[in-house]
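Structural overview for review
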Amino acid sequence: MSDQITDRKAKLEKIRALGVDPYGGRFESVTKNAAIRAASEPLNIEPGQIVESDAARFRAAGRVVLYRDIGSLIFMTVRDWTGDLQFGVSKKMLQGGAGVSPGGTNVLPGSAGVSPAVGGDTTWKVAKLLDLGDIVGIDGRLGRTKTGELTLWASHFTLLSKAVRPPPEKYHGLTDVEARYRRRYVDLFASPESQRVFVLRARIIDYARDVLRRRGFIEVDTPVLQPIYGGAAARPFETHHNTLDMKLYLRISPELYLKRCLVGGLERVYEFARCFRNEGISPRHNPEFTMLELYQAYGDYHDMMDITEEIIAGAARDVIGSLKIKFGEREIDYTPPWPRRRYTELFAEHVGFPLTDLAKVRVRARELGMEEKKLDDVVVISKVFEHHVEPHLVNPTFVIDYPAPLCPLTKRHPQDPQLALRFEPYINSMEIGNAYSELNDPAIQRENLGAQLAGEGDETMRVMDEDFCEALEHGMPPAGGLGIGIDRVVMLLTGSPSIRDVLLFPLQRPECR
RNA sequence: GAGGGCGUAGCUCAGUCGGUAGAGCAACGGCCUUUUAAGCCGUGGGUCCCGAGUUCGAGUCUCGGCGCCCUCACCA
């Protein structure tokens, strides 16, 4: 059967028989491996030397990723989330009187060796019973081996958690993508580069929060469970509340609630909104994803472009450390200001004729193999745009002033009512957001939403959000609004080709085991 | 939804023309006080994704199913 598990459980019992709890408790005041490395620099440790001074005493902890037993001497490479460090355990150097480190808590109550605690001899036996994947803590003195490797030599040694399952192969780690997604916990500890993505994700989000806080925004939470869904064009997930006996939808967008906040006088609000869309899955689409959405009263979409640049270019510079970041074979230049290009101009430039020449647009659509007869003009235009223009939008570009019929929640362009004051930032041919000068005329809003519902026909169960329209009738300040697909931004900044690489636990069908 | 690719030991992977299942790491037993993916000697380990079929014989060929990845479609 699964003999490695059996072997490890046998060791577990041997360790318990020694009076040591293989699952330790609190082990605080640990210095991170990276900090220990940094602290070693001024010590100028010579190969073969072990430093006696207090400046070289450290407590460290982490997971055993490499283990080399040389008889009466054990070397192990121990990983924490700052990096790896070699621990050395020498039979002669272990101090008795505590099989656990001072402050360690893993002496089994009532065991034979409990008082005055297990000795160095017991500690040694435990060290010999270690396996790859175990989590250990040590107190020791810093030195260098003959070959110059920085090493923390244990005076006390503690087993903090015994792994009864074997880790993946120590050199390759987990490479099978399915295994990495299904058992992310293994992928994370086996692959520092995977861990790095999620640390960077957190820092990028922190960075965005800092930008918004400096600009006077407050973070709010709006409903995920919504009786009426809206704010985007997508099919929703449905659910049901038992005691209210009520149909509910998981939100496809927080937009209509955040605008209610504007009506209420919360002038600058943002939300990191987990959204759910019951649509196809692809390397750029996950059924649940995170949208940073924000609204600024008295602003417009130009302000939103400034914020977009400040967050994304700033995160590139300050979190990743460069305004030029590779993605696949390409290098993307995030240096602001990003070009702001009109939709109509880009269309004419890359398609070869203006989008107002509808006959030509439809001919081109047919050439692309499209069933264009049943589609509205603007839909055909947008398909042709996607096909011909998006591939050219590699470096960050704001595409501005979209055809109005595509934008039911957007204010019209004052010079051209055919256009809407909307932009989408594109990077690496991918939409990474959506923003506009928000429509605040309640009559036009009601009309647009009605037209949208009519366009969707009976295929969706969508109904008019009367309460939202009523809110606008109380007066919503003019405002700029912005949504940024956080997952996609993290993909770009970390060089991750699939959205699943930046989601800790992407949706997978049940495993047949 | 359509097409293509993949699925073999805990992990990473070989497996020829259809002929009784292989390596490295990991594991187990032994040796070793300066290793670096430690080394040396020895040992064990398989639902070849699942199920049918063809065949004297299937990891290999055929069909069906499941899962994952990619492309396209839908969508965003």
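All values reported here derive from a predicted model rather than from experimental measurement.

In this section: the pattern of salt bridges. This model, assessed by the stated rule, comprises 38 salt bridges. Note that glutamate 309 and arginine 340 form a salt bridge whose closest N and O atoms lie 3.8 Å from each other. Here glutamate 309 is found in helix α8 (residues 301-320), whereas its partner arginine 340 is found in strand β14 (residues 340-342), with 31 residues between them in sequence. Exposure remark for glutamate 309: the relative accessible area of 9% places this residue in the buried category. By relative accessible area, arginine 340 is classed as partly exposed at 33%. With its nearest N and O atoms 2.8 Å apart, the salt bridge here joins arginine 446 to glutamate 473. Within this pair, whereas arginine 446 is found in helix α12 (residues 442-456), its partner glutamate 473 is found in helix α13 (residues 466-473), the two being separated by 27 residues in sequence. You can call arginine 446 partly exposed: its relative accessible area is 29%. In the salt-bridge network here, residues are joined through shared partners; they are Lys11, Asp131, Asp134 and Lys162.

So, on to a nonpolar patch on the surface. A cluster of nonpolar side chains, namely Tyr185, Leu504 and Phe505, defines an oily patch on the protein surface of about 340 Å² accessible area. Along the chain, the position of tyrosine 185 falls in helix α5 (residues 184-190).

One finds Leu292, Leu294, Ile312, Tyr334 and Phe423 to be the most contacted residues of the largest nonpolar core, which totals 50 residues. The element that contributes the greatest number of residues to this core is α8, accounting for 10 residues. Residues within four places of isoleucine 312 in sequence aside, it is in contact with Tyr334, Trp338, Ile427, Ile432, Ile484, Val489 and Leu493. Leu129, Leu130, Leu152 and Ala154 belong to the second-largest nonpolar core, a separate cluster that totals 29 residues.

Each assigned domain of chain A is listed with its residue range as follows: domain 1 (2-167) and domain 2 (190-339 + 395-501). For domain 1 and domain 2, the distance between their C-alpha centres works out to 48 Å.

Moving on, we come to the sheet that holds strand β9 (residues 246-250). Overall, antiparallel pairing links the three strands, which are arranged β7-β9-β8 in an open sheet. This sheet does not close on itself; its edge strands, each paired only once, are β7 (225-226) and β8 (238-241). Relative to β9, β7 is paired through two bridges, and the arrangement is antiparallel. Within β9, the residue paired with leucine 225 across the bridge is leucine 250.

Another point: the sheet that holds strand β1 (residues 57-69). Sheet strands pair via backbone hydrogen bonds, and the direction of the pair is either parallel or antiparallel. Here five strands make up a closed barrel; going around it, the order is β1-β2-β3-β5-β4 and the pairing mixed. Recorded for the sheet is a direction-independent mean angle of 55 degrees between the axes of neighbouring strands. Relative to strand β3 (residues 83-90), strand β2 (residues 73-80) runs antiparallel, the two sharing eight bridges. Of the residues in β3, the one forming a bridge with threonine 77 is glutamine 86. Contacts from helix α2 (residues 33-40) reach β1, β2, β3, β4 (135-144) and β5 (150-161) within the one sheet, and its direction differs from that of β3 by about 75 degrees.

So, about the confidence of the model for chain A. For chain A, the average pLDDT comes to 91, and 94% of its residues sit at 70 or higher. Interface confidence for the predicted complex, given as ipTM, is 0.91, next to a pTM of 0.92.

Turning our eyes to something else, we now look at the environment of valine 51. Counting through the fold element by element, valine 51 comes out in the loop between α2 and β1. Overall, the relative accessible area of 9% leaves valine 51 in the buried class. In sequence terms valine 51 and glutamine 86 are 35 residues apart; their C-alpha atoms lie 15 Å from each other. With residues up to four places along the chain from it excluded, the contact list for valine 51 reads Ile45, Ala56, Arg141 and Leu142.

About the cut-offs
Residues numbered from 1 in each chain as written. Chains lettered and ligands numbered in written order. Predicted model: local features only at pLDDT ≥ 70, side-chain atom pairs only at ≥ 80, totals over all residues. Heavy atoms only, no water. Salt bridge = Lys/Arg side-chain N within 4 Å of Asp/Glu carboxyl O. Helix = DSSP H or I, 4+ residues; strand = E, 2+ residues; numbered from the N terminus. Buried < 20%, exposed > 50% of the residue type's maximum accessible area, 1.4 Å probe, protein only. Patch = residues over 30% accessible without salt bridge, like charges linked within 9 Å, V, L, I, M, F, W, Y side chains within 5 Å. Areas by Shrake-Rupley, 256 points an atom, 1.4 Å probe, with all protein chains shown as cover. Core = buried A, V, L, I, M, F, W, Y, C linked by side-chain atoms within 4.5 Å. Contact = heavy atoms within 4.5 Å. Domains from an automatic or database assignment. Pairing = 2+ DSSP bridges. Axes fitted to C-alpha atoms, helices over the stretch in contact; angles between N-to-C directions. pLDDT = per-residue confidence, 0-100.

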